[in-house]
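Given next are the chains, with one letter for each unit.
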Amino acid sequence: MNSIYENLFRLPTVPAFAQKNFTEHFLQADKVMLVMIALQWFIATFITSISYDTYLYGFVGGGMITLILVFAYRFFKGTQVMRALVGIGMMLFSLIYIQQHLGRIEMHFHVFIALAILSIYKDIVPVFVAAATTIVHHLIFNYLQLYEVSLFNMPVMVFNYGCGMDIVLLHAIFVIAEALVIGYIIKLQIEYGVEQNRSENQILGLNQELSFTSMHDSLTGLPNRYNLYSQLKLMVANANRYERKFAVLFLDLDHFKNINDTLGHNVGDALLKSVSHKLKSMIRENDIVARIGGDEFIIVLNDFNDSGSLEQVIVKILDAFRQEWIIKNHFLRLSTSIGVSVYPDDSKEINELMKFADIAMYKAKSEGRDQFSFFTSTLNAQVHEDVQIANDMHRALEEREFVLYYQPKIHIPSGKIIGAEALIRWNHHLKGMIYPGSFITIAENTGFILKLGTWIIDETVAMLSRMQNAGYNDVHVSCNVSTRQFQNLHLFSDIENAIQTNQIDPSQLAIEITESVMMEYLDVTLEVLKKMKGLGIHICMDDFGTGYSSLSYLRQFPINSLKIDKSFVDDISENENNDHILLNTIIAMGQTLNLNVIAEGVEEKYQMEYLKERGCGYYQGYYFSKPVPEEVFFALLEKNRSI
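Source: prediction; values computed, not measured.

1. Structural notes on the pattern of salt bridges
Working step 1: In this structure the tally under the stated criterion is 19 salt bridges.
Working step 2: Note that E512 and K563 form a salt bridge whose closest N and O atoms lie 2.9 Å from each other. With E512 in strand β14 (residues 509-514) and K563 in strand β16 (residues 561-564), this pair connects stretches of sequence that are 51 residues apart.
Working step 3: The exposure class assigned to E512 is buried, which follows from its relative accessible area of 1%.
Working step 4: Note that K563 and E600 form a salt bridge whose closest N and O atoms lie 3.9 Å from each other. With K563 in strand β16 and E600 in strand β17 (residues 596-600), this residue pair connects regions lying 37 residues apart in the sequence. Exposure class is identical for K563 and E600. Each is buried.
Working step 5: Several salt bridges converge on common partners, so that one network encompasses K409, E421, E512, K563 and E600.

What follows is the structure, given as structure tokens:
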């Protein structure tokens, strides 16, 4: 009995994957049923008025039903509530037709037609609600007909001849029977709809799988050539719209054929997978990495700003390939050659960009592999020079080509040398003297500044030791510390070790740090500076006034000196009134906070005289001396002893 009930009457559950399709079907069905309701209102009002004088009843009754359902649609469309209300509305139209036609029994066929129409919903609820509505309104109207009640000046009728409750109940049995049959049909509709949706989902999944396979490399899962070209078209449109550039990097692994030939294709395939993972981890989300065949990869760097940003990525890729690769228990040494083309500088055609990057890659291979080449001659020369400098700095450090020069700091009231700033120079064996503006930024971008910064600290402290041995115990030397160095957790220990190794007085060492470094790593910087101050090291804020300058930060940090940036010193005029220049405020601020104030970049006598007049304590600049080698600085100190 239970199995019969389940087979005939229990409706299948609509699974989650089919809910969306069923909801869309219900929304569409609601619209169809509202159109049918409106059509029935028209029939009830106008067509029946041709033969019967009952159109007012049809107009008012049908209008109320139609307007209520239209109003309900705004709030309940697609829901079971709406479907139930439509079922009730359909059956009430049956009542209107019967009443309009004075109870003619033929109009009862509309009940069965309406029930069949409701099967469009694939929901049993509106069918049984409609059946119940039919039975109830027959019971009520049969009772009203029995007592000859009138409505709209006509007798209420459910049949056009006298009938008892037996006829009403018999009619109810037919309605219930049809509702059950329709319910079974709806059950089959739902089952068919669910299975159809399941099949569609399976086909969709298969199509998506086929689509992914057609657009991606089967070995690495990276976009293939076709996919790459599709994405490049979008990049071209975006670059044209916003006037931006993108770079195409063509990578080819060096001597990959030897790996395949000697270790087998399984090792070669595993290596290609590892390479793809490595490249994906090195690019941004809006960049592209693709494999276009064999050991050839394409990287597209979207929206790069300048050659410097390209340089960082290229150097990072080359360094990554130079590391040892462990593939299936084999330790491999690998390198890659890279060719670069730029949109729109080199071409606005995708095929040409790819060809130019390929040409540049072969140029890199012809020049010895494990390097890159730009198709654009100007950019190629610039970036090559930067990369050459980056590579050459390692050699220069080992061969001691870097040297420190010292620019004296002068006590303005007495004119005596009280210290110096250590400034790095590169005495290149071929190019001669190279100034920091040509290599410090590259050192910071590549991370070499950490090694170079440690060397500068060691050399500065060693020079202080030589000064102490020479009897200059009241002169300090400062060195600059960059942002990258403050990110290094070993900075304080490096300084502490250098002091202990050379056994110098820490008070003769000064650290110069810019405002931007302080603000960018506030907590870490504050902690390190406090530890330095605890050793007795002098702390100087460099380039003051060009960054975040805030009194609250000046009071928070353990600072001994403010160094006024050269741009403010340049504001001093020899012949005009200088009362309103910002330099005056900075000097007054330093004095208020009881800090030593040092003006840098002083080149003229009138500048020094004005600083003296304003009460600035110290200066450095070409007016006294440019940065000089250590032996010259010692000579200046010796000469200065007599002052």
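2. Let's talk about the sheet that holds strand β4 (residues 288-293)
Working step 1: The strand order across the open sheet formed by five strands is β4-β5-β3-β8-β9, and the pairing between neighbours is mixed. Of all strands in the sheet, those with a lone pairing partner are β4 and β9 (372-374), marking the two edges. Neighbouring strand axes in the sheet, compared pairwise and without regard to direction, differ in orientation by 20 degrees on average.
Working step 2: Here strand β3 (residues 246-253) runs beside strand β5 (residues 296-302); their pairing, made up of seven bridges, is antiparallel. Of the residues in β5, the one forming a bridge with L249 is I299.
Working step 3: Each of β3, β4, β5, β8 (336-343) and β9 touches helix α12 (residues 350-366); the most contacted strand, β8, lies at about 145 degrees to it.

3. Here's the deal with the side chain of S625
Working step 1: Relative to the helices and strands, S625 is located in the loop between β18 (618-620) and α24 (630-640).
Working step 2: Residue classification places S625 among the buried positions, given a relative accessible area of 10%.
Working step 3: Residues in contact with S625, not counting those within four places in the same chain, are Q407, P408 and L636.

4. Concerning the environment of K233
Working step 1: If you trace the backbone, K233 turns up in helix α8 (residues 225-242).
Working step 2: Overall, K233 belongs to the exposed group, its relative accessible area being 57%.
Working step 3: C-alpha separation for the pair K233 and I350, spaced 117 residues apart in sequence, amounts to 7.6 Å.

5. Overview of a nonpolar patch on the surface
Working step 1: A cluster of nonpolar side chains, contributed by F71, F75, F76 and V81, occupies part of the molecular surface with about 400 Å² of accessible area.
Working step 2: When residues of the nonpolar patch are assigned to their parent elements, the largest contribution, three residues, is made by helix α3 (residues 55-76).
Working step 3: Looking at the element boundaries, F75 is found in helix α3.
Working step 4: Assessed through its relative accessible area of 53%, F75 is described here as exposed.

6. Re the environment of R466
Working step 1: Its place among the elements puts R466 in helix α15 (residues 449-469).
Working step 2: The spatial distance from the C-alpha of R466 to the C-alpha of F634 is 10.0 Å, given a sequence separation of 168 residues.

7. Digging into the packing of α8 against α12
Working step 1: Two elements in contact, α8 and α12, have axes separated by 10 Å at closest approach and are oriented at 110 degrees. Relative to α12, the element α8 lies roughly perpendicular. As for how α8 packs across α12, the hand of that crossing is right-handed. Along the contact surface, α8 presents L228, Y229, L232, K233 and V236, while α12 presents I350, N351 and M354.

8. Details of the pairing of strand β11 (residues 416-428)
Working step 1: In terms of residue burial, β11 counts as a mostly covered element, since 10 of its 13 residues are buried.
Working step 2: Counting the residues that bridge the hairpin from strand β10 (residues 402-411) to β11 gives four residues, and of these G415 lies at a positive phi of roughly 75 degrees.
Working step 3: Summarising the sheet, β11 and strand β13 (residues 476-480) pair through three bridges and their orientation is parallel. The residue of β13 that forms the bridge with E421 is S478.
Working step 4: Here β11 runs beside strand β12 (residues 432-434); their pairing, made up of three bridges, is antiparallel.

Conventions and cut-offs
- Residues numbered from 1 in each chain as written.
- Predicted model: local features only at pLDDT ≥ 70, side-chain atom pairs only at ≥ 80, totals over all residues.
- Heavy atoms only, no water.
- Salt bridge = Lys/Arg side-chain N within 4 Å of Asp/Glu carboxyl O.
- Helix = DSSP H or I, 4+ residues; strand = E, 2+ residues; numbered from the N terminus.
- Buried < 20%, exposed > 50% of the residue type's maximum accessible area, 1.4 Å probe, protein only.
- Pairing = 2+ DSSP bridges.
- Axes fitted to C-alpha atoms, helices over the stretch in contact; angles between N-to-C directions.
- Contact = heavy atoms within 4.5 Å.
- Patch = residues over 30% accessible without salt bridge, like charges linked within 9 Å, V, L, I, M, F, W, Y side chains within 5 Å.
- Areas by Shrake-Rupley, 256 points an atom, 1.4 Å probe, with all protein chains shown as cover.
- Parallel < 35°, antiparallel > 145°, perpendicular 65-115°, else oblique.
- Left-handed = near helix turned anticlockwise from the far one by under 90°.

The analysis is restricted to geometry; functional conclusions fall outside its scope.
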